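What the coordinates show
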Amino acid sequence: MNAIAPFAQFDGGRLIVEAWTKGIAPPPRELVWEWADHNVKLPKMSAAEGGDYDTGRTPYLREILTNLSPSSPVMSTILMKGSQIGASQAGLAFLLYVIAVAGGPALVVAPTIAMAELYSKSRLDPLIAECKEAAEKIPPNRGKNSGNTLRMKTFPGGMVRLTGANSANALKSMPVQWVLYEEPDEFKRDLEGQGNAIEMVRRRLTTYGRRAKEFANCTPGLKSQSLILPLFLTGDQREYTMPCPHCGKGTVFNKELFRHERGKPAGAHMVCMQEDCGKPIIEARDKEAMLNAGVWIPKIKDAPQNMPRSYYLPAFYSPVGWESWEAIALKIDQAEGNYENSKTVWNQIFGLPWTDTTDRPDPDEIHRRAIATSYRSRELPAEVLFLTAGVDVGGTHIEISIWGWGRDNRRYLIEHVRLPGKVTDPALWAEAEIVLQRGYLHPTGAVLKIRRVGVDRGKWPDIVVPWVRKQDPDWIVAVWGSRKIDAPLLKDARWILKTDDGQKHQTEFLYWMLGVGLLKLELYNNLNKPRAPGQADPGGVYLPNDVGMDYCTQLVSEEYVTVPGKGGVMKTSWERIGSTRAEALDCANYARAMAELVGWSHWTGADFDAAEATLRAEGEKLRREIARRQAARLARGDTRPVYPEDIVTDIAFPAGFARPEPEPAIEVPAPAPAPARAAPTPVAVAPPAAPSSIRIPRGLTNPPTPEGGIERPVEVGVPGRSPDQVDFRALMRGAGLGRSRSHDED
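The structure presented is a predicted model; accordingly, all values stated were derived computationally and were not measured. (Residues numbered from 1 in each chain as written. Predicted model: local features only at pLDDT ≥ 70, side-chain atom pairs only at ≥ 80, totals over all residues. Heavy atoms only, no water.)

Another point: the overall build of the chain. The secondary structure content of the chain amounts to 21 helices and 26 strands. Here the chain holds 746 residues, and 48% of them are scored as buried. Working note: accessible area of the chain is about 38,000 Å², and carbon and sulfur atoms make up 54% of it. (Helix = DSSP H or I, 4+ residues; strand = E, 2+ residues; numbered from the N terminus. Buried < 20%, exposed > 50% of the residue type's maximum accessible area, 1.4 Å probe, protein only. Areas by Shrake-Rupley, 256 points an atom, 1.4 Å probe, with all protein chains shown as cover.)

One can find I282 in the loop between β13 (280-281) and α10 (283-292). Residue class for I282 comes out partly exposed when judged on its relative accessible area of 34%. Note: C-alpha distance between I282 and H269 (13 residues apart in sequence) is 5.4 Å. Ignoring sequence-local partners within four residues, the contact set of I282 consists of H269, K287 and W325. (Contact = heavy atoms within 4.5 Å.)

With that settled, consider the environment of K484. Mapped onto the secondary structure, K484 falls in the loop between β21 (476-481) and β22 (490-498). K484 sits in the exposed class, given a relative accessible area of 59%. Through-space distance from the C-alpha of K484 to that of W574 is 9.9 Å; in sequence the pair is 90 residues apart.

Before going further, it helps to examine the pairing of strand β4 (residues 104-110). Of all seven residues in β4, seven are buried, a share of seventy percent or more. Taken together, the seven bridges between β4 and strand β6 (residues 158-164) define a ladder with parallel strand orientation. Note on β6: the bridge partner recorded for G104 is G158. One ladder, built from four bridges, connects β4 with strand β7 (residues 178-182); its direction is parallel. Directly across from V108, in β7, lies its bridge partner L180. (Pairing = 2+ DSSP bridges.)

Moving on to the sheet that holds β13. Strand order in the open sheet formed by three strands is β11-β12-β13, and the pairing between neighbours is antiparallel. Two strands bound the open sheet, and with one partner strand each, they are β11 (258-261) and β13. Across three bridges, β11 lies against strand β12 (residues 264-271) in antiparallel orientation. Its bridge partner being in β12, F258 is matched across the sheet by M270. Its contacts with the sheet place helix α11 (residues 325-335) against β11, β12 and β13, and it is angled at close to 110° to β12. (Axes fitted to C-alpha atoms, helices over the stretch in contact; angles between N-to-C directions.)

In this section: the pairing of β12. Hairpin connection from β11 to β12: two residues lie between these consecutive antiparallel strands, with G263 at a positive phi of about 85°. The pairing of β12 with β13 spans two bridges and is antiparallel. Pairing of M270 across the sheet is with I281, part of β13.

One can expect most non-glycine residues to show negative phi and most peptide bonds to be in trans. One non-glycine residue, R378, adopts positive backbone phi at about 75°. Checked against the element boundaries, R378 lands in the loop between α13 (363-371) and β16 (386-394). Look at D650: it is not a glycine, yet its phi comes out positive at around 65°. Inspection of the secondary structure assignment puts D650 in the loop between α19 (605-635) and α20 (728-734). Judged by relative accessible area, which is 41%, D650 ranks as partly exposed.

The residue S69 is located in the loop between α3 (62-67) and β3 (76-81) in this model. Using a relative accessible area of 0% as the deciding quantity, one classes S69 as buried. With near-sequence residues (within four places) excluded, S69 lies in contact with L31, V32 and K213.

A few words on the nonpolar core. The biggest cluster of nonpolar side chains holds 71 residues, and the ones touching the most others in it are L387, I400, W403, L436, V453, V455 and L543. The element that contributes the greatest number of residues to this core is helix α18 (residues 583-598), accounting for six residues. Dropping the residues within four chain positions of it, L387 is found in contact with L380, I402, W403, G404, W405, I414, Y440, L448, K449, I450, R451 and R452. One finds L31, A100, I349 and F350 within the second-largest nonpolar core, a separate group that totals 70 residues. (Core = buried A, V, L, I, M, F, W, Y, C linked by side-chain atoms within 4.5 Å.)

What follows is about the environment of F253. In this fold, F253 is placed in the loop between β10 (250-251) and β11. Between the C-alpha atom of F253 and that of P314, which follows or precedes it by 61 residues, the distance is 7.7 Å. With sequence-adjacent residues up to four places away left out, F253 is seen in contact with M242, M270, I281, K287, M290, L291, P314, F316, Y317 and W325.

Moving on, we come to the confidence of the model for the chain. Model confidence for the chain is summarised by a mean pLDDT of 82, while 80% of its residues fall at 70 or above. Confidence over residues 677-746 falls short of pLDDT 50; this stretch has 59 contacts with residues more than four positions distant or in other chains. (pLDDT = per-residue confidence, 0-100.)

The tally for this structure, following the rule as stated, stands at 24 aromatic pairs. Relative to W178, the ring of F94 has its centre 6.1 Å away and its plane inclined at 75°; by these criteria the two rings are edge-to-face. Taken as a pair, F94 in helix α4 (residues 87-102) and W178 in strand β7 lie far apart in primary sequence, 84 residues in all. A relative accessible area of 3% places W178 in the buried class. (Phe/Tyr/Trp six-rings, centres within 6.5 Å; stacked < 30°, edge-to-face > 60°.)

Applying the stated criterion across every chain yields a total of 38 salt bridges. With its nearest N and O atoms 2.6 Å apart, the salt bridge here joins K41 to D52. Pair noted here: K41 is in strand β1 (residues 41-42) and D52 is in strand β2 (residues 51-52), with a separation of eleven residues, a long-range link. In this structure, E415 engages R438 in a salt bridge whose closest nitrogen and oxygen atoms are separated by 2.9 Å. With a gap of 23 residues between them, E415 in strand β18 (residues 411-420) and R438 in the loop between α14 (426-436) and β19 (439-441) connect regions that are remote in the sequence. (Salt bridge = Lys/Arg side-chain N within 4 Å of Asp/Glu carboxyl O.)

With 16 residues, α18 extends 23 Å between its outermost C-alpha atoms, agreeing within 8% with the 22 Å of an ideal straight helix rising 1.5 Å per residue. Immediately downstream of α18, the backbone of G599 shows phi near 100°, a positive value. (Expected span 1.5 Å × (residues − 1).)

This paragraph deals with the packing of α11 against helix α12 (residues 339-349). What describes two packed helices is the angle between their axes and the distance between those same axes. Between α11 and α12, whose axes approach to 8 Å, the crossing angle comes to 150°. When the axis of α11 is compared with that of α12, the two are roughly antiparallel. In this structure, α11 crosses over α12, and the sense of that crossing is left-handed. Between α11 and α12, the residues in contact are I328, K331, I332, Q334 and A335 and N341, S342, V345 and I349, respectively. The residue inventory of the contact of α11 with α12, partitioned by class, reads five nonpolar, three polar and one charged. (Parallel < 35°, antiparallel > 145°, perpendicular 65-115°, else oblique. Left-handed = near helix turned anticlockwise from the far one by under 90°. Nonpolar A, V, L, I, M, F, W, Y, C, P; charged D, E, K, R; others polar.)

Here we take up the side chain of T58. Considering the arrangement of structural elements, one finds T58 in the loop between β2 and α3. Not counting residues within four places of it along the chain, the set of residues in contact with T58 comprises I85, P319 and W322.

Set out below in C-alpha cells:
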C-alpha cells in the first residue's frame, strides 16, 4: 500500500488522488504540432484547405507550435505576419491541444467581446466538433449553465474563456496558464486608464510562473498605434531562412527581394539575397522545396533564455496554391496611389505596420507642379475616364470641384467653381444645378457628364436634404464627413428627423458617412510623392495649369496632429491651419468618395479597358452624327460647320475658348438655261410633236434630302428648310429625264 492509497477510501478521494497525480506528473512530451497533425481536422467552411491538419503544408509553423508545447521552456511567442500563412489555424490547434491534452485555464483575447463570440462560434466550435479528443471533453451547449457557451468552454482539468480587449473586468477576473491574443493591433491602447489588454493579462500569468505561455498572433496595422511591433522588437526577431536553389546559401522571402514588372504579374519572382548570387527564384519550381528545408534564424544572436521569441512571416511564404506571387504582384499594382489598398498591401502582404505620411504637402510645390501640366481648366486629359463632383455648402456660397479619374489611381482636377449667394436662395441652387449639368469634351470626341455628385449636408441639412431629395439618387447624394479618424471610407446611413417634441424618427432618406480622415491621408500621401518629369505616376494628383495659388493652399489647409483627449490620453485628429479656407480640400474629398461609390479603386484592367472602349464608341457616335448633320447643311447650301455643342447641350469650354467666325452661307445659283438645239434634218418619218418647255421647279437649286423630299426635324441652331420642299425624283421622272445617279441612288 502506498502513502496516498487511504485517501481513495473516502467519497471524492479518487478525484483528489487523480488531481495530485496529474500535478506531479511531467508535462506531455508530445509537441502541439505532432498531436495536431494526427488529431485535428479542418472544416471546409473555415479553412483554405479542409481535411486533416498538416504542418507539412506550413512547415514554418512547427517551431512556433513547439514553443507552445508544455515541454518547451519558451514562455512568450510573438508572430507578426501577413495573411494566408495559416497562423490562425495554428492558434486554434494550440487551444484544442490545451483542451484534449494539457489542461489548465486558457484565455482567448479578441479585440472586442463581440469578436470573441464570433471567433468562438465560427472558428473554435466547428473545430472542436471535428476533433474527437476535444469534443468528448466539452459538454453539449444547453444554455448558460451547461459549461459550454460562446464565452466559456469547460472541460475536466481546465477551461477556455473567450473575451474582448475592451472589457477590463473580464481581463482581470482569473489567473491563466495559456493565453492567445488574436489581432492585438486592433486592441485599445489604453483600457480605462489601466494600460492595454496585453499588459493586464500578463499580470494574470504570473500565478503559473514559467509554466505559463502566451501567443500573440497579429497582422499589423498603423505603426503609430501598433502593439505587435513593440512586442516583436522585444523578442529575438527571427526570419525563416531557406537554402537558395542556385547557390545553396540562406535566403528569405520579403518585399525587398520581390521582383515583378508592372502590368505583368505572371512574371513575379524572388531573387536570392546573397550578393554573389541574386538569381531568380520561381514559385512553381522552387518554393515548396525551399519551405520544407527552411529554419528560423534570430537576428539577435546569443539572446537571453528568457527573451521572447518573435517571428516575422510575410505573405510571400504562403504555401503554393494559397496566395500566389502573381496575385500579390497584381495587388501591388492595383494599390499604387490608393491609400486603403496600399495600407492593405503593406499590412496583409508585407506583414509590416503602415506608416502614414502625415506631413503637410508644400502648397508652393503643388502650384509649381500645376503650372507644368499640359491642360487648362475645363479641358479633359485623355487619361480621364469618368467625372465626379464634390459640393461644399456654406452660408454665403456653394463651391463645386469636378475631378476626373483614370488608371493607376490617378486623378485630375477639371475645374473648381465658387458660386456666391445666400444658401437659402433657390436661385443659388438653380445655378449649382446648371454647373453640375455641364459636359466636358474628351479627346476621343465623346462628351463626359458628371457621373456622381456628393453634396455636403453637414451644417445645412434642412436645406440640403430637401434639394437632394428632388434629384436622381443615382446621380446626386448627400454626404457627411465622420469625425472618427479611422472611420470607413464609405458607410450608408439613414436621415434621423427630430420632431418638435424632441422625438427622433429614422426616415428612408439615404446619405453617406465618409471617412474623411482616410481620404485626407490618401490625398496627402499622393501629393507628397516625388513626381518624375513627363511621366504619369501611379496615384498622381494633377491640377490644371491655370489653377490659382489660393486653391493649392486650400487643398492642404489641414494638418494631422496629436492632441490630448479625455483623461489625458493622446489622440490624433485633423485640425485647420489658422484661418485658411478649406473648401477645396472638402470638395476634393467628397468627389473622391463619389469615385469610390462608382467602384473606381476596385476596377480591374478589364474594367478600365471597357471604360476606354465606351469612350471611343461614344466619340465615334458623335462624329457620325456631326458628319450627318454637316452633310444635311451642305445639301441646303449652308457651309457652316457643325460642332459638338450643336448636338450636346451644356458643354463647358476653357476660358477664352472661341470657335472661328462662320463664313456666310453660299447661295447656289440657278443653272443656266440649256442652249437651243438645231432643227433636225427632215426625214420621211414625220417628227414627233415638240415637247412643251420644261419649267425648273422651285427647289431644284437645293439638292433634295436622301429620303426623297421628306424633311428631317429642324436641327439645333440650323434653320429649317422651306415648307414647300418638293420631290425632285418625281419631277425628273415625270419630265422624262430618266434616272439621275447623283439624286436617285439610296
